[in-house]
Amino acid sequence: MEMKELKLGRSIEILVTREDYKLHLISKLEDVCEDHISVTLIEGNGRKFIFKDTDQIEFIYKDDNRLYKFRHLKGAITVLDNTYVHSFYGPVEGESFNRRNAFRVFLGEENTFSWTGNGYEEILHEYREKMEEANGERLTKDCPCIIKDLSENGAGIFTNERLELSDFVSFELLTSLGKIRCIGKVVRVSNERQGMYRTLYGVQFTEVSNVISKYIFAVQRLQLKKTRR
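Bear in mind the structure is a predicted one, so any value in this text is a computation, not a measurement.

A. Region of interest: the overall build of the chain. Scanning the chain for helices and strands turns up two helices and 15 strands. The burial tally for the chain puts 45% of its 229 residues in the buried class. The contacts of the chain with a sequence gap of at least 6 include a subset with a gap of at least 24, amounting to 64%. Split by element, the accessible area of the chain, about 13,000 Å² in all, is 45% carbon and sulfur.

B. Here's a closer look at the packing of aromatic side chains. Applying the stated criterion across every chain, the model contains four aromatic pairs. Ring geometry for F49 and F51: centres 4.8 Å apart, planes at 70°, overall edge-to-face. A relative accessible area of 1% means that F49 is categorised as buried. Residue F51 is classed as buried on the basis of its relative accessible area, which comes to 9%. Relative to F88, the ring of F51 has its centre 5.3 Å away and its plane inclined at 80°; by these criteria the two rings are edge-to-face.

C. Representation of the pairing of strand 2 (residues 21–32) within the structure. When strand 1 (residues 11–18) meets strand 2, the two strands line up antiparallel, connected through eight bridges. Residue R18 lies in a different strand from strand 2, and its bridge partner there is Y21. In this antiparallel pair of consecutive strands, strand 1 and strand 2, the connection spans two residues, and E19 shows a positive phi of 50°. Here strand 2 pairs with strand 15 (residues 199–209) via three bridges, running antiparallel. Bridge pairing in strand 15 links K22 to V208. Pairing analysis gives three bridges linking strand 2 to strand 3 (residues 36–40), with the strands arranged antiparallel. By the bridge assignment, V32 is partnered in strand 3 with I37.

D. Region of the structure containing unusual backbone geometry. With phi around 50°, E19 is a residue other than glycine that occupies positive phi space. Tracing the sequence through the fold places E19 in the loop between strand 1 and strand 2. Classification of E19 by relative accessible area gives exposed; the value is 60%. The phi torsion at S166 lies on the positive side, around 80°, for a residue other than glycine. Counting through the fold element by element, S166 comes out in the loop between strand 12 (154–159) and strand 13 (168–175).

E. Highlighting the side chain of D63. For D63, the position within the fold is in strand 6 (residues 56–63). Those residues in contact with D63 that lie beyond four places of it in its chain are M1, K7, R10 and Y68.

F. Structural context of the confidence of the model for the chain. The predicted model of the chain has a mean per-residue pLDDT of 85, with 85% of residues at 70 or higher. Mean pLDDT across the secondary structure elements of the chain bottoms out at helix 1 (residues 125–135), with 53, and peaks at strand 8 (residues 83–89), with 97. Segment residues 118–124 is flagged for pLDDT under 50; beyond a separation of four residues in sequence, or across chains, it makes 25 contacts in the model.

The rules we used
- Residues numbered from 1 in each chain as written.
- Predicted model: local features only at pLDDT ≥ 70, side-chain atom pairs only at ≥ 80, totals over all residues.
- Heavy atoms only, no water.
- Helix = DSSP H or I, 4+ residues; strand = E, 2+ residues; numbered from the N terminus.
- Buried < 20%, exposed > 50% of the residue type's maximum accessible area, 1.4 Å probe, protein only.
- Contact = heavy atoms within 4.5 Å.
- Areas by Shrake-Rupley, 256 points an atom, 1.4 Å probe, with all protein chains shown as cover.
- Phe/Tyr/Trp six-rings, centres within 6.5 Å; stacked < 30°, edge-to-face > 60°.
- Pairing = 2+ DSSP bridges.
- pLDDT = per-residue confidence, 0-100.

Below, the structure written as structure tokens:
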């Protein structure tokens with residue numbers, strides 16, 4: 001699919017690899033041209049998201065039941081009809097994409113997670129830290145949980161805490177590859193039990209450490225070795 005074929009008003013997923021973490025952003029198509037697209041400005045709490053020259057940017061577009069990924073893009077803030085938007089430039093043709101190719105591994109690990117239930121939509125972790133410093137109080141609370149499973153895109157979390165769709169949660173995994181920090185929003189809720197926990201939440205990552213792929217493959221290899229014995 002070519003960039004000029006994208007339809008206005010559709011949502012796209014923007015994937016950004018930056019330094020040692022990845023970001024997952026959502027926005028809406030506002031303008032489509034042969035060599036670039038523009039989307040609704042991505043911002044949170046009055047802060048415009050700034051793309052860096054070193055960012056690796058991709059976006060995913062859904063057409064009917066098919067997904068297309070556009071790679072190797074550059075992003076910038078531009079003006080469209082006297083309104084600030086984010087625009088992306090790069091290769092004009094996207095390739096067919098299958099999200100199910102993302103590996104998911106079972107963890108079943110006891111952990112704790114932090115969450116913000118006051119509607120605060122954080123884009124970057126450091127933004128939240130600055131707000132906490134300014135307000136003089138924590139915007140999140142820590143809760144016990146079990147991390148059921150994990151993929152590059154998200155995780156399943158068992159907890160007794162009452163969460164709402166679109167609440168933001170974060171947790172850390174201590175691994176041989178270092179600390180893996182995961183931030184995401186709740187996209188699914190189900191009444192599935194695990195031990196003392198009575199609710200399972202599906203979390204889609206908005207920010208995650210780059211080494212998560214290596215960690216998932218390492219866990220998968222270890223589980224396969226145990227299965228073969």
